[in-house]
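Working through the structure, step by step
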Amino acid sequence: MQKQSAIYGYLSTTEYMKFRHPFIFLLMIVLPPILSGCVTTPDNSAMKTITGEIVFDEYTSLPESSQVTVSLEDISGLDAASGVMVVKEFNPAGPPPYRFSLEYNWNWMNPSREYVVRVRIDVDGKFTYTGNESIDAEKKQGVLPVRVERVDYSE
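Below is a summary of the structure that appears in this document. (Residues numbered from 1 in each chain as written. Predicted model: local features only at pLDDT ≥ 70, side-chain atom pairs only at ≥ 80, totals over all residues. Heavy atoms only, no water.)

**Notes on the layout of surface pockets**
The volume enclosed by the largest pocket comes to roughly 210 Å³. Every residue lining the largest pocket is counted, 13 residues in all, and those nearest its centre are Thr 49, Tyr 104, Lys 139, Lys 140 and Gln 141. Counting residues per element, the lining of the largest pocket draws most heavily on strand β3 (residues 47-56), at 4 residues. Looking at the lining of the largest pocket residue by residue, the class counts come to 4 nonpolar, 4 polar and 5 charged. (1 Å grid on protein atoms, 1.4 Å probe; cavity = no way out; pocket = protein on both sides within 12 Å on 5 of 7 lines; lining within 4 Å. Points joined across faces, edges and corners; volume = space filled by probe spheres on them. Helix = DSSP H or I, 4+ residues; strand = E, 2+ residues; numbered from the N terminus. Nonpolar A, V, L, I, M, F, W, Y, C, P; charged D, E, K, R; others polar.)

Encoded structure:
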């Protein structure tokens, strides 16, 4: 029985099998090292940290059951590349200001885009405070103060 091959023309079954097995074996030997070069690992030198503190307009001490969510977000547009880049959640302890740090990969940042650090605070499961602060992708910043305001549910 002969099999048609687009590359090799007509081969008998035994000729086809003799050729195919060494070729597959060769692919198994050659491809893994080539493909392993395609795998990217995070570059530790590209890791940066944004350190900040949450500042309230009025003196407020949050209960320890509160949930604080801090995120680094790309707010440049409504395209698929925009969105949340890093999120950190914690329960506040002690009096304000509450400090946070976000570790992110510097290679993710594009100087032509806009980024903010956004804070959301839930007290007893209810969305209570929110705030955000713009950051410059090209400048190293010190401690970033993020002022939060109480969410008004009166409307």
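**With respect to the sheet that holds strand β7 (residues 115-123)**
With mixed pairing, the 7 strands of this open sheet are ordered in space as β5-β4-β7-β8-β9-β3-β6. The open sheet terminates on both sides in strands that have one partner only, identified here as β5 (83-90) and β6 (98-105). For this sheet, the mean angle separating the axes of adjacent strands, direction not counted, is 25°. (Pairing = 2+ DSSP bridges. Axes fitted to C-alpha atoms, helices over the stretch in contact; angles between N-to-C directions.)

**As for the side chain of Ser 66**
On the secondary structure map, Ser 66 appears in the loop between β3 and β4 (67-74). There is a polar contact of 2.9 Å between the side chain of Ser 66 and the backbone oxygen of Pro 63. With residues near it in sequence (within four places) discarded, Ser 66 still touches Phe 90, Asn 91, Pro 92, Asp 122 and Val 123. (Polar contact = N/O pair within 3.5 Å; in protein donor to acceptor, adjacent residues only side chain to side chain. Contact = heavy atoms within 4.5 Å.)

**Thoughts on unusual backbone geometry**
Geometrically, the link from Pro 96 to Pro 97 is a cis peptide bond, its omega value of 5° lying close to zero. Here the phi dihedral of Asp 124 falls at roughly 55°; this positive angle occurs in a residue that is not glycine.

**A closer look at the pattern of salt bridges**
Side chains that differ in sign of charge can pair as their charged atoms come close. Enumeration according to the criterion identifies 5 salt bridges in this entry. When the shortest N-O distance is used, the salt bridge between Arg 147 and Asp 57 registers 3.3 Å. Taken together, the residues Arg 147 in strand β9 (residues 144-150) and Asp 57 in the loop between β3 and β4 connect sequence positions 90 residues apart. A relative accessible area of 48% places Asp 57 in the partly exposed class. Two residues, Glu 73 and Arg 118, come together in a salt bridge whose shortest N-O distance is 2.9 Å. With a gap of 45 residues between them, Glu 73 in strand β4 and Arg 118 in strand β7 connect regions that are remote in the sequence. Residue classification places Glu 73 among the buried residues on the basis of a relative accessible area of 13%. The class for Arg 118 is partly exposed, based on a relative accessible area of 27%. (Salt bridge = Lys/Arg side-chain N within 4 Å of Asp/Glu carboxyl O. Buried < 20%, exposed > 50% of the residue type's maximum accessible area, 1.4 Å probe, protein only.)

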